[in-house]
Amino acid sequence: MFSLLKGLWEYFFRKDEYFVVILGLDNAGKTTFLETIKRRYISNYHGMPLEKISTTVGLNVGRIDVGVQRLVLWDLGGQQDLQTLWNEYYAECHGVVYMIDSCDRHALQISAETFNRVIHHADLDGAPLLILANKQDREDALPLTEVESAFDTSVESIGNRDCRIQRVSALRGEGVFEGIEWLAQRVKEKPNRPLKPVKS
Ligand SMILES: Nc1nc2c(ncn2[C@@H]2O[C@H](COP(=O)(O)OP(=O)(O)OP(=O)(O)O)[C@@H](O)[C@H]2O)c(=O)[nH]1
Ligand SMILES: [Mg+2]
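Fair warning: this is a prediction, and the values are worked out from it, not measured in the lab.

Before going further, it helps to examine the environment of Glu146. Within the secondary structure, Glu146 is located in helix α4 (residues 144-150). As for Glu146 and Leu59, which are separated by 87 residues in sequence, their C-alpha atoms are 30 Å apart.

It is at 10 Å that the axes of helix α2 (residues 30-41) and helix α6 (residues 176-189) come closest, and there the two elements cross at 80 degrees. Between α2 and α6, the crossing angle belongs to the class labelled roughly perpendicular. Residues Phe33, Thr36, Ile37, Arg40 and Tyr41 of α2 lie in contact with α6, whose contacting residues are Val176, Phe177, Ile180 and Glu181. In terms of residue class, the contact of α2 with α6 is built from six nonpolar, one polar and two charged.

Moving on, we get to the pattern of salt bridges. Evaluation of the coordinates by the stated rule reveals seven salt bridges. Across the salt bridge formed by Glu189 and Arg186, the nearest N and O atoms sit 3.2 Å from each other. Linking Glu189 with Arg186, this pair stays in helix α6, spanning three residues, or about one helical turn. Each of Asp162, Arg186, Glu189 and Lys190 takes part in salt bridges that share partners, so that together they form one network.

Looking now at the UniProt feature "binding site: Mg(2+)" (unreviewed entry) in the protein chain. UniProt tags Thr31 and Thr56 as "binding site: Mg(2+)" (unreviewed entry). Across 26 residues, the annotated set stays spatially compact, with a maximum C-alpha separation of 7.6 Å. With respect to the element layout, Thr31 can be found in helix α2. Thr56 gets classed as buried once you look at its relative accessible area, which sits at 10%. If we skip the residues at most four places from it in the chain, Thr56 touches Thr31, Asp75, Leu76, Gly77, Gln79 and Leu82.

Definitions and cut-offs
- Residues numbered from 1 in each chain as written.
- Chains lettered and ligands numbered in written order.
- Predicted model: local features only at pLDDT ≥ 70, side-chain atom pairs only at ≥ 80, totals over all residues.
- Heavy atoms only, no water.
- Helix = DSSP H or I, 4+ residues; strand = E, 2+ residues; numbered from the N terminus.
- Axes fitted to C-alpha atoms, helices over the stretch in contact; angles between N-to-C directions.
- Parallel < 35°, antiparallel > 145°, perpendicular 65-115°, else oblique.
- Contact = heavy atoms within 4.5 Å.
- Nonpolar A, V, L, I, M, F, W, Y, C, P; charged D, E, K, R; others polar.
- Salt bridge = Lys/Arg side-chain N within 4 Å of Asp/Glu carboxyl O.
- UniProt positions renumbered as here; feature names shortened; annotations may be inferred.
- Buried < 20%, exposed > 50% of the residue type's maximum accessible area, 1.4 Å probe, protein only.

Listed below in structure tokens is the structure:
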């Protein structure tokens, strides 16, 4: 009887855990995005003021519950010498957030090439891709159509995996929640690798 009740308890209160990497060049706004997400989804979370965030050298982790799903978000440093560490996280990853600085015209092409390299990695086959054109609160931000055209060369490599590109302001929290909820839905519907159930 006890094991039946325990089984039922676990069935109803079990959360599936999905791992998501947040990638993009340095200064794109990845850590700001993660902090904004944590403030929304973690009750009583008091992170550091957004304007005090500095460049990431290691890894920032966020665990959030979106409905019955738990997302573990890995925010990695985007500086060039740190990018070599990114692929150490791919083997466990269910989804990718790729962050672009829409105001940095000079870095846009490099960002697109970096994205192209990321999506060619075999460990990310089938992983849904959420591409965020960030800093859209600024007047000098490129419109989404211009950001999109820089990423056109990746269309073939994206193939039929789920992909969404949208405008956001990580700083103001505009667009970010719709984005993360879309990704949560996609990883749930078509997981690219086995899940690790966790208890509430
Ligand atoms: N205006 C504006 N500034 C932003 C936005 N998101 C981030 N920033 C600013 O961009 C700068 C870099 O933000 P980070 O979140 O540290 O960028 P990052 O991608 O984590 O950078 P690395 O850790 O070096 O890879 C900071 O000064 C942020 O305040 C945004 O949506 N709008
Ligand atoms: Mg960072």
